[in-house]
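Inside the fold
The lines below spell out each chain.
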Amino acid sequence: MPGESTASARKRLHTPRTRRRVLPHDDCQRSVAATARMAAAKKAFAKLTTAFAAAPRWTLGHFKAHLKEGMDKESWKTMLPGVRGSAQVAEMKDSMKVLDALQGDELDGSHRVEGLRLTRVARASEQSRSYCADILTRYDQTVLLHRWFHRRQSNGLPMPETLEDATQMMSRDPQSRPPRESRANRAMRAAQRRAARRGF
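Residues numbered from 1 in each chain as written. Predicted model: local features only at pLDDT ≥ 70, side-chain atom pairs only at ≥ 80, totals over all residues. Heavy atoms only, no water.

Each helix and strand counted, the protein chain has nine helices and zero strands in total. Reading the secondary structure of the protein chain in the N-to-C direction produces α-α-α-α-α-α-α-α-α. Within the protein chain, counting contacts between residues at least 6 apart in sequence, those at least 24 apart form 56% of the total. Total accessible area on the protein chain is roughly 12500 Å²; 54% of this is exposed by carbon and sulfur atoms. (Helix = DSSP H or I, 4+ residues; strand = E, 2+ residues; numbered from the N terminus. Contact = heavy atoms within 4.5 Å. Areas by Shrake-Rupley, 256 points an atom, 1.4 Å probe, with all protein chains shown as cover.)

Attention now moves to the pattern of salt bridges. Counted under the stated rule, the structure contains eight salt bridges. With a closest N to O distance of 3.2 Å, Lys42 and Glu161 form a salt bridge. Here the residue Lys42 occupies a position in helix α2 (residues 16–54), and Glu161 occupies one in the loop between α7 (129–154) and α8 (163–171), the gap between them amounting to 119 residues. Here Glu161 falls in the partly exposed class, since its relative accessible area comes to 47%. Its salt-bridge partner being Lys97, residue Asp94 comes within 3.6 Å of it at the nearest N-O pair. Pair noted here: Asp94 and Lys97 are both in helix α4 (residues 89–100), with a separation of three residues, about one helical turn. Residue class for Asp94 comes out partly exposed when judged on its relative accessible area of 24%. (Salt bridge = Lys/Arg side-chain N within 4 Å of Asp/Glu carboxyl O. Buried < 20%, exposed > 50% of the residue type's maximum accessible area, 1.4 Å probe, protein only.)

One can describe the packing of α7 onto α8 by two numbers: an axis separation of 11 Å at closest approach and a directional angle of 80°. Taken together, α7 and α8 sit at an angle that is classed as roughly perpendicular. Counting all contacts with α7, which are made through Leu144, Leu145, Trp148 and Arg152, the residues of α8 involved are Leu163, Ala166, Met169 and Met170. Here the contact of α7 with α8 is composed, by residue class, of seven nonpolar, no polar and one charged. (Axes fitted to C-alpha atoms, helices over the stretch in contact; angles between N-to-C directions. Parallel < 35°, antiparallel > 145°, perpendicular 65-115°, else oblique. Nonpolar A, V, L, I, M, F, W, Y, C, P; charged D, E, K, R; others polar.)

What follows is about the environment of Ala51. Turning to its location among the elements, Ala51 is positioned in helix α2. The class for Ala51 is partly exposed, based on a relative accessible area of 26%. For the pair Ala51 and Ala65, spaced 14 residues apart in sequence, the C-alpha separation works out to 9.8 Å.

Judged by nonpolar contacts, the single largest core of 33 residues is most densely connected at Trp58, Leu60, Leu99 and Leu145. Broken down by secondary-structure element, the contributors of at least two residues to this core are α2, α3 (60–72), α4, α6 (116–125), α7 and α8. If one sorts the elements of this core by residue count, α7 sits on top with ten residues. Dropping the residues within four chain positions of it, Leu60 is found in contact with Leu99, Leu102, Glu106, Leu107, Val113, Leu136 and Tyr139. (Core = buried A, V, L, I, M, F, W, Y, C linked by side-chain atoms within 4.5 Å.)

Summarising the element assignment, Gly109 is placed in the loop between α5 (104–107) and α6. Residue Gly109 is classed as partly exposed on the basis of its relative accessible area of 35%. Gly109 sits 48 residues away from Gly61 along the chain, and the two C-alpha atoms are 8.2 Å apart.

Right, dumping it as structure tokens:
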């Protein structure tokens, strides 16, 4: 301001009133970032549902190709159940080692990866059996999502726009209960119990 000393101007710039003027700009930046994340999530899920629609049966081969595409384009964080945040980049690279260790008859679903096959995959990928089993559980979750997607599509029901929305909708759907022998059974049943406790 005219005639204002440097000290007064500095004090005025650091008053609470001036700082409050900056907050809307910060809020705007956060809103833009959130909108960008949502757009990326919708785009990634659209790719997944496109892959689902083209595959009457979802195999480990499809799962591997989908995950590899997502990692190549660095959009995998919104493409796979159970994956969140950039801190898991190294883990997901390890998961590709597990999938790369699978044989053709495992990728096409002819044989389940368990027992000695799981031990072989763990050794070939230099990962623990439990870690390999976790990757296979995530695959089983996408199998459930694939079946749920096709059933919902054939019934003409509204479809979710993101993976998170789909997971929440599945947790509230009694028909999406995993088979007893499925590795994903425990995780999906836990999600359904949480939804029931919340009352929606």
